Amino acid sequence: MSVDMQEQYDKIYRYCYYKVRNSVLAEDLTQETFLKYFAQKAYIDRGKRLAYLYVIARNLCVDSFRKIQPELLTEDIPHADCYEQIELNYTLCHAIKTLPEQERELLLLRYVNELSVGEISSIMGISRFAIYRKTGSAIDALKKLLEKEDFQ
């Protein structure tokens, strides 16, 4: 696997983890994404590789939700000195969850996976202008929510 593919592997893993919130399942989905990707040699040579990877990953994540069974909570209670960080993480997660799904996905692709606007446009199937507009409105909405919670 080339350096570029290794980088894409990490990004696809983060994308899958964001969607399914389970590291083992995300790793399985990432591996399956690349297996399906490399199995379609005809498309690899003529299509948009990055968009194809994300489409496969998105479809596999959706399929995994159809199979999910309830999971038991197994995490330990955190130590008292990290409550501030937990509160910040909770507030930020809550603020992000208030955004529409498409805007959450845009923020993930743009700022976590560091994809270009053109790449996101081909993945999401919307114009570059719409990417800029929706990303800006999502950031503005997050700023307003965090200011309301006194986080600046």
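Computed from a predicted structure; not experimentally measured.

Quick notes on the overall build of the protein
Then, in step 1: Scanning the protein for helices and strands turns up eight helices and zero strands.
Then, in step 2: Across the protein, helices and strands are ordered from the amino to the carboxyl terminus as α-α-α-α-α-α-α-α.
Then, in step 3: Buried residues in the protein amount to 33% of all 152 residues.
Then, in step 4: Looking at the protein alone, contacts between residues at least 24 apart form 60% of all its contacts between residues at least 6 apart.

Digging into the nonpolar core
Then, in step 1: Ranked by size, the top nonpolar core spans 30 residues in total, and within it I12, C16, Y54, L109, L115 and I120 carry the most contacts.
Then, in step 2: At the level of elements, α1 (3-20), α2 (23-39), α4 (49-67), α6 (101-112), α7 (117-124) and α8 (128-148) are the ones that each hand at least two residues to this core.

So, α7
Then, in step 1: Among the residues of α7, those classed as buried are V117, I120, S121, I123 and M124. Projected onto a plane normal to the axis of α7, the buried residues spread over an arc of 165° and lie on a single side.
Then, in step 2: G125 sits one or two positions beyond α7 and adopts a positive phi of about 75°.

Quick word on the side chain of T30
Then, in step 1: Structurally, the position occupied by T30 is in helix α2.
Then, in step 2: We classify T30 as buried; its relative accessible area is 0%.
Then, in step 3: Not counting residues up to four positions away in its chain, the partners in contact with T30 are Y9, I12, Y13 and C16.

Some details on the environment of A138
Then, in step 1: Here A138 lies in helix α8.
Then, in step 2: In the structure, A138 is positioned 38 residues away from P100 in sequence and 8.7 Å away in space, judged by C-alpha atoms.
Then, in step 3: Excluding anything up to four places from it in sequence, A138 contacts L99, E103 and L107.

A few points about the packing of aromatic side chains
Where two aromatic rings form a pair, the distance of their centres and the angle of their planes describe that pair.
Then, in step 1: Under the definition given, this model contains seven aromatic pairs.
Then, in step 2: A ring pair is formed by Y9 and F34, whose centres lie 5.3 Å apart and whose planes are at 35°; its orientation type is tilted. Taken together, the residues Y9 in helix α1 and F34 in helix α2 connect sequence positions 25 residues apart.
Then, in step 3: Classification of F34 as buried rests on a relative accessible area of 5%.
Then, in step 4: On the basis of an interplanar angle of 45° and a centroid distance of 5.9 Å, the ring pair of Y37 and Y52 is categorised as tilted. Remark: Y52 occurs in helix α4 and Y37 occurs in helix α2; sequence separation between them is 15 residues.
Then, in step 5: An aromatic cluster of at least three residues, connected via ring pairs, comprises Y9, F34, Y37, F38 and Y52.

Regarding the packing of helix α5 (residues 83-97) against α8
Then, in step 1: Following both chains from N to C, one finds α5 and α8 inclined at 135°, their axes separated by 10 Å at the closest point. Judged by the angle between their axes, α5 and α8 are oblique. The crossing of α5 and α8 is right-handed. Contacts from T91, L92, A95 and I96 in α5 reach L142, L145 and L146 in α8.

Describing the packing of α7 against α8
Then, in step 1: For the pair α7 and α8, the least separation of the axes is 9 Å and the interaxial angle reads 100°. On the basis of the axis angle, α7 is roughly perpendicular to α8. Together, V117, G118, I120 and S121 of α7 and R128, I131 and Y132 of α8 make up the contact between the two elements.
Then, in step 2: Among the residues making up the contact of α7 with α8, the classes are represented as four nonpolar, two polar and one charged.

Cut-offs and rules
Residues numbered from 1 in each chain as written. Predicted model: local features only at pLDDT ≥ 70, side-chain atom pairs only at ≥ 80, totals over all residues. Heavy atoms only, no water. Helix = DSSP H or I, 4+ residues; strand = E, 2+ residues; numbered from the N terminus. Buried < 20%, exposed > 50% of the residue type's maximum accessible area, 1.4 Å probe, protein only. Contact = heavy atoms within 4.5 Å. Core = buried A, V, L, I, M, F, W, Y, C linked by side-chain atoms within 4.5 Å. Arc of directions from axis to C-beta. Phe/Tyr/Trp six-rings, centres within 6.5 Å; stacked < 30°, edge-to-face > 60°. Axes fitted to C-alpha atoms, helices over the stretch in contact; angles between N-to-C directions. Parallel < 35°, antiparallel > 145°, perpendicular 65-115°, else oblique. Left-handed = near helix turned anticlockwise from the far one by under 90°. Nonpolar A, V, L, I, M, F, W, Y, C, P; charged D, E, K, R; others polar.

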